[in-house]
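So the chains spell out like this:
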Amino acid sequence: MSAEAADREAVSGSRPCTPPQTSWFEFLLDPSLLEQHLQSPHPDPSPVQLIIQFLEQASKPSMNEQNQPQPPVDNQRNRTLKLMGLKVAAHLRWDLNALEKGAIRTIVLSSFPEKQTKPGPHQLNMMNLVQQEKELTENILNVLREQATDSIMVLEGALSIKKDFYIHTLRTLDLLAAEPSTANGETESSTAGLRVTAQHLHCQVHYDLGGIYFQQGCSDVSLYKNAREHFRMAHELHLKVDYPESLCLDKERLAGYWSACRSLTGSSDSRDGPLSPYGQICSFMRNNNYKALIEEVISDNVTFTLPNSLRHSLQLEMLAKLQQGDKALEEVCLKLCVCNAVRDALEGGIPSLSFHQMLLKPSKETISFLKEVCARSFSQERLSETSNMKESLFIKTICDQLDHVSLALMASSPKPFMDVLDEEVKKVLLEQIRKSSSGFSLCAKPLIRSLDPRQIRQTLVELHGMAERHFWRVNSKWEVPADYLSVILAIKDKLIRDLVYILMAKGLHCINIRDFVHARHLLTACLELVTEFSPKLRQVMLNELLLMEVRAHEVAAANGKTERPPPDLISRVRGYLEMKIHDLPMRQNVGEECVAFMLNWRENEYLTLQVPQSLINNNPYIKIGHLIASTCKELSGHKESKRNAKELWEVMVQICSVSSQHKRSIDGSVSLLKNRESSLGILSRSKFMTFVKKLQEPLVLTTLISLFVRLHGIVRDDIVNEVSAEHISIWPLSLNNLQCVDVEAVGVTLKELVNYALSLNPNNLSWLCTQADLYFVTSQYSAALHYYLQAGMVCSDYFIKPVPPEVYTDQILKRMIKCCSMLNCHTQVAVLCQFLREVDYMTAFKALQEQNSHDSMDSFYDYIWDITILEYLTYIHHKRGESDKSQVAIKAIGQTELNSSNPEEVLQLAAQKRKKRFLQAMAKLYI
């Protein structure tokens, strides 16, 4: 033997040898082989597969002399194959779960909903195959549903069997084969099989009948009663039969079925036993017994029997009935809201928004009911440190929102409520009441309402004459930035401290609600006050006044005012940016808005050439502003633009990058972990987006969108599905540290950027095309069509003029065609195929062959001007026997303006007219 041959033999000898699958005809040749095969640990083929193979072979039709199919021949071969199929079933002990693929149980199981998975962009072929399989399965199920009545009749008849009977085993089937002349059953084989008692049979039949009646109850509610009776009988028999484990019955599902039926039918049968808590809830709802319903829900705050999700669903159902006009349910909804809030608190959750809204203006009755529920729910038996903490937090949450009158009602609680509270909880309640009542009086109301600095000062003087208190805490909604709080609270004069705090808080509130007139008065009064004793606070107030002027000008610009800001304001903004901070409390928000202001008013000269380098190095907002301004300034084509763009690119990549570390797992493999909370950039992504949403200059936003489109394309690595944007060529084509970039963050940032830009100008053509492409590459085809059509609409005066070819390029038209195809609007596909520079007949014809079109089909024929497509339509409809649609297509062909003998100008005019009408019709559908 040669060395090469020896090597081949050694290799082949070292491979594990997989035994070949046994073929069905081998069992036909050697019947004894079947039992050996079934006794093996992992038989291949499996028992169920063997049954299918045996029955398929025994049921094959034969062919006559004319080559026509005939019923299977009744011969020894086919009888043996059927008998072997029965033997395999007997080996499985006739297990329905393994054997049954059609009849009642299949229909029942198919009625349960399945979670649908959302396909990705690369799964379309697989989805088509899955869809075909689903259609085939549905066809089979339809046949089974048609036969369900016969199956039910057989099962109902089986309940009349009163005697025990025997089912075949391998041995009795051998006897049956050996005694074919005594097939009437009077042989040893008739009583030597596996004994099945009548009770065993009835239990199984009741279970299956209950399942089909329950499934049919969706269309006929009365059938739920039938289902309930069958499930009750199955439950009773299951307790009586010997060897219940041999039944093909799911005990937990049976219990669930029975409970559901009792709840749906409102069973009062004493044989059914007491209702479950869920059943009682359903019964109370059905009988409108809302008092008992509330009692059950309060009790559940102690027992925790009902799932919290059910309780909240119950509340939503009541709210829906209330909104339909049943005003009697208003009190019930309120009480359910209170009960659920207490349950949420006991489980460590957060009370719902509706509960917080209720606390804004609670009635005396609401407070009383809240105390009652707390008293009954805060069980002394389960007191622990954790439960005390939850109860304390809940009481504090309530007290933080109640006014002083409601708090007084809480304090005057009946004794059981106060007794059940832990000492710490009582302390929290009483402290909140003390704090609240100490600051409220009739004299303080003008202080809360007034926006006049003089009146505020006069009211404070009067209040300080009455009591020594911190009146800046009178209203919890008065807030000043944390950066300033320590400086204000360091003022020794209590009256001045209160006045400075309140004037600033009210002034900042007025800025937030865009009441700039009152904001200016209040902040100016505060500036005059602090100038007398604090240079720090004086500068703080000058900074806040600057922020107010900047915002006022930006709001005016957003409302259509186009005048540039006065030179004085621009000079003050520059002064702020260049200010040396030293020991001055500064709000980063002010600097952020000043940089955005300079970008919005195209002060690129200052941001690119005049801003000090030290500020660029130390202030992230100034650095970003400097790079954006430099890139925008050089977009005209200077070489510098590439360098500035590259630097801006690197900063944005860092903002969307996260720190990563390698972790070794137990099996020794190394994986890469990304920490999304730890950005590598000069700003976090959230702070960057907050800054971006202060920008309004179109070129700035276009530049940033362009950058993130290129970055999005690189991290997605999908050359086919690219997103379009202006100025995209200035950005790099690749990334060195791709593994550190958070792909999801890039996608979210781009989406937020485009959405924000379109909120400022919904008619910007470039942004509309980018948004359409984004939806297209993420398989959101209806939304993509919306924006493609809107892009065409804004540049053609609602399609009155032709859409420029540089807007509706062949690429965009092909994307619109794919969108329509994926939405099963195949006639729209055919119409759009005409828009291409060269008509795509192959795609058009394939689309017109589809019969499951979701558009109006022949209503779009008026928009077709290509005679070839119209002639194909006529042929298709004639072939299908669709004479009405064929006539519509023939009528469209017969229009004189489509005659091929017409001059080219006439044909072009006919095409343009149909293009316009079609696009306008599409706009009505998708926009």
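Residues numbered from 1 in each chain as written. Predicted model: local features only at pLDDT ≥ 70, side-chain atom pairs only at ≥ 80, totals over all residues. Heavy atoms only, no water.

## Here we look at the overall build of the protein
1) Next: The helix and strand inventory of the protein stands at 46 helices and 6 strands.
2) Next: Of all 927 residues assigned to the protein, the portion counted as buried reaches 43%.
3) Next: Here the analysis covers contacts within the protein between residues at least 6 apart in sequence; of these, 66% occur between residues at least 24 apart.
4) Next: Approximately 51,000 Å² of the protein is accessible, and the part contributed by carbon and sulfur atoms is 54%. (Helix = DSSP H or I, 4+ residues; strand = E, 2+ residues; numbered from the N terminus. Buried < 20%, exposed > 50% of the residue type's maximum accessible area, 1.4 Å probe, protein only. Contact = heavy atoms within 4.5 Å. Areas by Shrake-Rupley, 256 points an atom, 1.4 Å probe, with all protein chains shown as cover.)

## Some remarks on the side chain of Gln-790
1) Next: The topology assignment puts Gln-790 in helix H40 (residues 781–794).
2) Next: Taking the relative accessible area as the measure of exposure, Gln-790 reaches 12% and is therefore buried.
3) Next: Excluding residues within four positions of it along the chain, Gln-790 makes contact with Pro-762, Leu-768 and Ile-927.

## Thoughts on helix H29 (residues 535–558)
1) Next: With 24 residues, H29 extends 35 Å from end C-alpha to end C-alpha; this agrees with the ideal 34 Å at 1.5 Å per step.
2) Next: Positioned one or two residues after H29, Gly-560 has a phi angle of 105°, which is positive. (Expected span 1.5 Å × (residues − 1).)

## Details of the side chain of Gln-834
1) Next: Within the fold, Gln-834 resides in the loop between helix H42 (826–833) and helix H43 (841–849).
2) Next: Given the relative accessible area of 4%, Gln-834 is considered buried.
3) Next: At 3.5 Å, the side chain of Gln-834 forms a polar contact with the backbone oxygen of Tyr-863.
4) Next: If we skip the residues at most four places from it in the chain, Gln-834 touches Val-839, Tyr-863, Ile-864, Trp-865, Asp-866 and Ile-869. (Polar contact = N/O pair within 3.5 Å; in protein donor to acceptor, adjacent residues only side chain to side chain.)

## Some points on the pattern of salt bridges
1) Next: Under the criterion given, the structure shown has 25 salt bridges.
2) Next: When the shortest N-O distance is used, the salt bridge between Arg-232 and Glu-229 registers 2.9 Å. Residue Arg-232 and its partner Glu-229 are both found in helix H12 (residues 223–240); the two are separated by 3 residues, about one turn of the helix.
3) Next: Looking at Glu-229, the relative accessible area reads 25%, which means it is partly exposed.
4) Next: In this structure, Glu-549 and Arg-520 form a salt bridge, with 3.1 Å as the shortest nitrogen-oxygen distance. With Glu-549 in helix H29 and Arg-520 in helix H28 (residues 516–531), this pair connects stretches of sequence that are 29 residues apart. (Salt bridge = Lys/Arg side-chain N within 4 Å of Asp/Glu carboxyl O.)

## Focus on the packing of helix H17 (residues 330–346) against helix H19 (residues 364–377)
The description of two helices packed together rests on the angle between their axes and the distance between the axes.
1) Next: Close contact between H17 and H19 brings their axes to 10 Å; oriented N to C, the two are set at 40°. Viewed along their axes, H17 and H19 adopt a mutual orientation that is oblique. The two elements H17 and H19 cross, and the hand of that crossing is right-handed. Every residue of H19 that contacts H17 at Leu-334, Lys-335, Val-338, Cys-339, Val-342 and Leu-346 is listed here: Thr-366, Phe-369, Leu-370, Val-373, Cys-374 and Ser-377.
2) Next: Class assignment for the residues of the contact of H17 with H19 results in 9 nonpolar, 2 polar and 1 charged. (Axes fitted to C-alpha atoms, helices over the stretch in contact; angles between N-to-C directions. Parallel < 35°, antiparallel > 145°, perpendicular 65-115°, else oblique. Left-handed = near helix turned anticlockwise from the far one by under 90°. Nonpolar A, V, L, I, M, F, W, Y, C, P; charged D, E, K, R; others polar.)

## Brief notes about the packing of aromatic side chains
1) Next: Applying the stated criterion to the full structure yields 15 aromatic pairs.
2) Next: Note on Phe-845 and Tyr-872: the rings are 4.1 Å apart at their centroids and 20° apart in plane angle, and the pair reads as stacked. Within this pair, whereas Phe-845 is found in helix H43, its partner Tyr-872 is found in helix H44 (residues 867–880), the two being separated by 27 residues in sequence.
3) Next: Here the aromatic cluster, defined as three or more aromatic residues joined through ring pairs, consists of Phe-835, Phe-860, Tyr-863, Trp-865 and Phe-918.
4) Next: Between Arg-343 and the ring centre of Phe-304, over which it is positioned, the NZ or CZ distance is 4.6 Å. (Phe/Tyr/Trp six-rings, centres within 6.5 Å; stacked < 30°, edge-to-face > 60°. Lys NZ or Arg CZ within 6 Å of the ring centre and 35° of its normal.)

## Description of the state of the cysteines
1) Next: Scanning the model with the defined rule gives 0 disulfides in all.
2) Next: Note on Cys-333: no disulfide assigned, nearest cysteine sulfur contributed by Cys-337 at a separation of 9.1 Å.
3) Next: Free of any disulfide, Cys-820 has its nearest cysteine sulfur in Cys-825, 6.0 Å distant. (Disulfide = S-S within 2.5 Å.)

## Overview of the packing of helix H26 (residues 482–489) against helix H27 (residues 494–512)
1) Next: Contact geometry for H26 and H27: axes closest at 10 Å, N-to-C directions at 160°. As the angle between them shows, H26 and H27 are arranged roughly antiparallel. You can see that H26 and H27 cross each other, and the crossing is right-handed. Residue-level contacts link Tyr-484, Leu-485, Ile-488 and Leu-489 of H26 to Arg-497, Val-500, Tyr-501 and Met-504 of H27.
2) Next: In the contact of H26 with H27, the residues fall into 7 nonpolar, no polar and 1 charged.

## Quick look at helix H11 (residues 198–216)
1) Next: Taking 1.5 Å of rise per residue, the 19 residues of H11 would be expected to cover 27 Å, and the 27 Å separating its terminal C-alpha atoms lies within 8% of that figure.
2) Next: Counting buried positions along H11 yields 16 of 19 residues, so the element is predominantly enclosed.

## A word on the confidence of the model for the protein
Reading fine detail from the predicted coordinates is not recommended where pLDDT is low.
1) Next: Predicted confidence across the protein gives a mean pLDDT of 79, with 77% of residues reaching 70 or more.
2) Next: For the stretch residues 182–189, pLDDT sits under 50, and the model shows 9 contacts to residues farther than four places along the chain or on other chains.
3) Next: Scored below 50 in pLDDT, residues 437–442 makes 6 contacts in the model with residues more than four places away or belonging to other chains. (pLDDT = per-residue confidence, 0-100.)

## Details of the environment of Ile-655
1) Next: Mapping Ile-655 onto the fold places it in helix H35 (residues 640–655).
2) Next: Judged by its relative accessible area of 2%, Ile-655 is buried.
3) Next: Through-space distance from the C-alpha of Ile-655 to that of Arg-685 is 5.8 Å; in sequence the pair is 30 residues apart.

## Quick notes on the environment of Val-48
1) Next: Here Val-48 lies in helix H4 (residues 47–58).
2) Next: Distance in space between the C-alpha atoms of Val-48 and Val-88 is 7.8 Å, their sequence separation being 40 residues.

## Remarks on unusual backbone geometry
1) Next: Although it is not a glycine, Ser-779 adopts a positive phi angle of roughly 65°.
2) Next: Phi is positive for Tyr-798, close to 55°, though the residue is something other than glycine.
3) Next: Following the sequence through the fold, Tyr-798 ends up in the loop between H40 and helix H41 (810–822).
4) Next: According to the relative accessible area criterion, Tyr-798 is partly exposed, its value standing at 34%.

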